[in-house]
Amino acid sequence: MIQGLSLPLFVTSTTCLLLSFFFVLLYHRLISRHEESVKYYLIFSIAALVSGIFFGAFAVMLNSSDNLTYLSISNRITVVAAMFTAVLSLHFYLAFYQYEAPTSLKWCYGVCAAFSVATVIPSSLFLDNAFYSTSTYYTGLAFGPLFELWGIWILVLAVYGIFILFKVFLRQRKRQRQTQEHAQNDSDTSTVLLLLLANTIWMITGVCDMLTGVQVVDLPPLTWIGSFLVTSTIAWALVLHIDDLYEERRLLSDRLMYDHLTQAFSRSYLEIRLTEAVNLMLRGELKWLSVCVFDVDNFKTINDQYGHASGDALLTRITSIIKDNIRQSDCIARLGGDEFVILFTDTQDENHAPAIVERIRVHVANAQFGEGEAAYNASCSFGIVSVTPDQLTLNDLPNQMLSSADEALYSAKHKGKNAVGIATLSDLS
Ligand SMILES: Nc1nc2c(ncn2[C@@H]2O[C@H](COP(=O)(O)OP(=O)(O)OP(=O)(O)O)[C@@H](O)[C@H]2O)c(=O)[nH]1
């Protein structure tokens, strides 16, 4: 008959083994596919595996009150596994929160190894091969003074873990005060607080089990509750960490894709889109492709007269005017300074893109920029070139289109600015 008390232990054991399997796969994926330095995923995976063994062995132990061999083996396994779960959690905190793993960690592993050896040798000083009624709820092996020392050792590990987490909490609180990134740090400190709470519960349940062991209190086994809480909280911290990794990637690709000031696309993204458009044309999926280069007229004077911030605002406003006048499938990118490019994909004929650009030119020229006394008008000059599939034989078409549109822009500037210059197809050959 299976002891009812052992059922949650079987469940938590299975959960931990699954967590271990899942995080080792994740670790492998993150280092091989994304080259992330995430050793702590592996440490946690081992910790979850050892925890799973601990819960499983404890469950067997609860069901072995009439079989000394099973009791002896399972009891010894719980002793070793509980100890390594504690030291691996400690190792995890040091790695995850980037604390230099001190030499004391090696000593911790060393002491755990020494106690592990002691469990293998049957000795009344540590664990005897004899029944010992721990409480009315379960039976363990008779133990000696070395076992009490082991109990104190586990407590030392637990206190050390809490100490590290407390230092991490103080460090993050200090950083939070120093930086403006409140949202990010708030979530960081709440995870550490959660870990602190779980570890404290683990320690309290551990002390309760020790008191049960020496028959001071009569309680069912409780350590597993604290231990499982710690394992689940670490798993949760790692899930949040995956969120952070994803967010970092997103910010990085945003930085590569967008111009920070105007939210137009970046030069590198334009190059990708232009090459893509040429490839589409090669496959016969585009009939016309037009590129328009433009810059703000007398931008230097505007900057000098109304200030750099006003110049920045002008660039942002012009970008949004363009966005309002082009299709989502087209693209506006900032090359740098006051120079931009609009890429029109799949226009209907050679007059289509120039007509849209003319509309944009008028829109910008009629708009008012700045505010109140400092309100002013501005204009842009544009250069356009359009190609059809016939021009695809030309070498380095994307760059040729850009330099041709650039020449058309400068001819518009020379003709008095606030104008649209058009490069003819033959200019490209
Ligand atoms: N406000 C602001 N100014 C910038 C930025 N990047 C470049 N500039 C300034 O933009 C000005 C560019 O001027 P140019 O395009 O060379 O000359 P221009 O006065 O526009 O003259 P034309 O092009 O001949 O009409 C320079 O004074 C740069 O310092 C920016 O991000 N913000």
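Residues numbered from 1 in each chain as written. Predicted model: local features only at pLDDT ≥ 70, side-chain atom pairs only at ≥ 80, totals over all residues. Heavy atoms only, no water.

With respect to the side chain of Ser45
Working step 1: In this structure, Ser45 sits in helix α2 (residues 39-62).
Working step 2: Residue classification places Ser45 among the buried residues on the basis of a relative accessible area of 4%.
Working step 3: Not counting the four nearest positions on each side in its chain, Ser45 is found in contact with Ser20, Phe23 and Val24. (Helix = DSSP H or I, 4+ residues; strand = E, 2+ residues; numbered from the N terminus. Buried < 20%, exposed > 50% of the residue type's maximum accessible area, 1.4 Å probe, protein only. Contact = heavy atoms within 4.5 Å.)

Quick word on the pattern of salt bridges
Working step 1: What the rule picks out here adds up to 10 salt bridges.
Working step 2: Where Glu247 meets Arg250, a salt bridge forms, and the shortest distance between an N and an O atom there is 2.9 Å. Within this pair, Glu247 and its partner Arg250 are both found in helix α7 (residues 223-257), separated by three residues, close to a single helical turn.
Working step 3: We classify Glu247 as partly exposed; its relative accessible area is 33%.
Working step 4: Between Asp304 and Lys300 there is a salt bridge whose closest N-O contact spans 3.3 Å. Of the two residues, Asp304 and Lys300 are both situated in helix α9 (residues 299-306); the distance of four residues between them amounts to about one turn of the helix. Each of the two residues, Asp304 as well as Lys300, counts as exposed.
Working step 5: Residues joined by salt bridges that share partners form a network here, namely Glu247, Arg250 and Asp254. (Salt bridge = Lys/Arg side-chain N within 4 Å of Asp/Glu carboxyl O.)

Focus: helix α4 (residues 103-120)
Working step 1: Taking 1.5 Å per residue as the helical rise, α4 with its 18 residues ought to reach 26 Å, and the 27 Å between its terminal C-alpha atoms agrees with that figure.
Working step 2: In this fold, the buried residues of α4 make contact with α3 (68-96) and α5 (145-178). (Expected span 1.5 Å × (residues − 1).)

Some words on the UniProt feature "transmembrane region" (unreviewed entry) in the protein
Working step 1: Mapped onto the present numbering, the UniProt feature "transmembrane region" (unreviewed entry) falls on residues 6-28, 40-61, 73-95, 107-127, 147-170, 191-216 and 222-242.
Working step 2: In the segment residues 40-61, helix accounts for 100% and strand for 0%; the C-alpha atoms at its two ends are 31 Å apart.
Working step 3: As annotated, residues 191-216 has a helix share of 88% and a strand share of 0%, and its two end C-alpha atoms lie 35 Å apart. (UniProt positions renumbered as here; feature names shortened; annotations may be inferred.)

Considerations on the nonpolar core
Working step 1: Residues Tyr41, Phe92 and Trp150 are the most contacted members of the largest nonpolar core, which totals 67 residues.
Working step 2: Those elements that provide at least two residues to this core are α1 (7-33), α2, α3, α4, α5, α6 (182-213) and α7.
Working step 3: Sequence-distant contacts of Trp150, that is, excluding residues within four places in its chain, are made with Val79, Ala82, Met83, Phe115 and Phe126. (Core = buried A, V, L, I, M, F, W, Y, C linked by side-chain atoms within 4.5 Å.)

A look at the sheet that holds strand β3 (residues 289-296)
Working step 1: The strand order across the open sheet built from five strands is β4-β5-β3-β6-β7, with neighbouring strands paired in mixed fashion. Looking at strand neighbours, the two that pair on one side only are β4 (331-336) and β7 (420-423), the edges of this open sheet. Between one strand and the next, the sheet's axes are offset by a mean angle of 20 degrees, whatever the strand orientation.
Working step 2: Where β4 meets strand β5 (residues 339-345), five bridges bridge the pair, whose relative direction is antiparallel. Paired with Ala333 across the two strands is Val341, which belongs to β5.
Working step 3: Relative to the sheet, helix α8 (residues 267-282) contacts β3, β4, β5 and β6 (380-387), its axis offset from that of β4 by approximately 135 degrees.
Working step 4: Against the sheet, helix α10 (residues 308-325) engages β3, β4, β5 and β6, with an angle of about 155 degrees to β3. (Pairing = 2+ DSSP bridges. Axes fitted to C-alpha atoms, helices over the stretch in contact; angles between N-to-C directions.)

Side note on the site of the ligand
Working step 1: The full set close to the ligand counts 16 residues, and Asn298, Lys300, Asn303, Asp312 and Arg334 are the nearest of them.
Working step 2: Contact distances for the ligand include 3.1 Å between an oxygen atom and a side-chain N or O atom of Lys417.
Working step 3: Surface burial for the ligand is 65%, taken as the share of its 660 Å² of free accessible area covered by protein chains.
Working step 4: Residue assignment for the shell around the ligand shows that the elements contributing at least two residues are β3, α9 and α10.
Working step 5: With four residues, the top contributor of residues to the shell around the ligand is α10.
Working step 6: Residues belonging to the shell around the ligand are distributed by class as follows: three nonpolar, five polar and eight charged. (Near = heavy atom within 4 Å. Polar contact = N/O pair within 3.5 Å; in protein donor to acceptor, adjacent residues only side chain to side chain. Areas by Shrake-Rupley, 256 points an atom, 1.4 Å probe, with all protein chains shown as cover. Nonpolar A, V, L, I, M, F, W, Y, C, P; charged D, E, K, R; others polar.)

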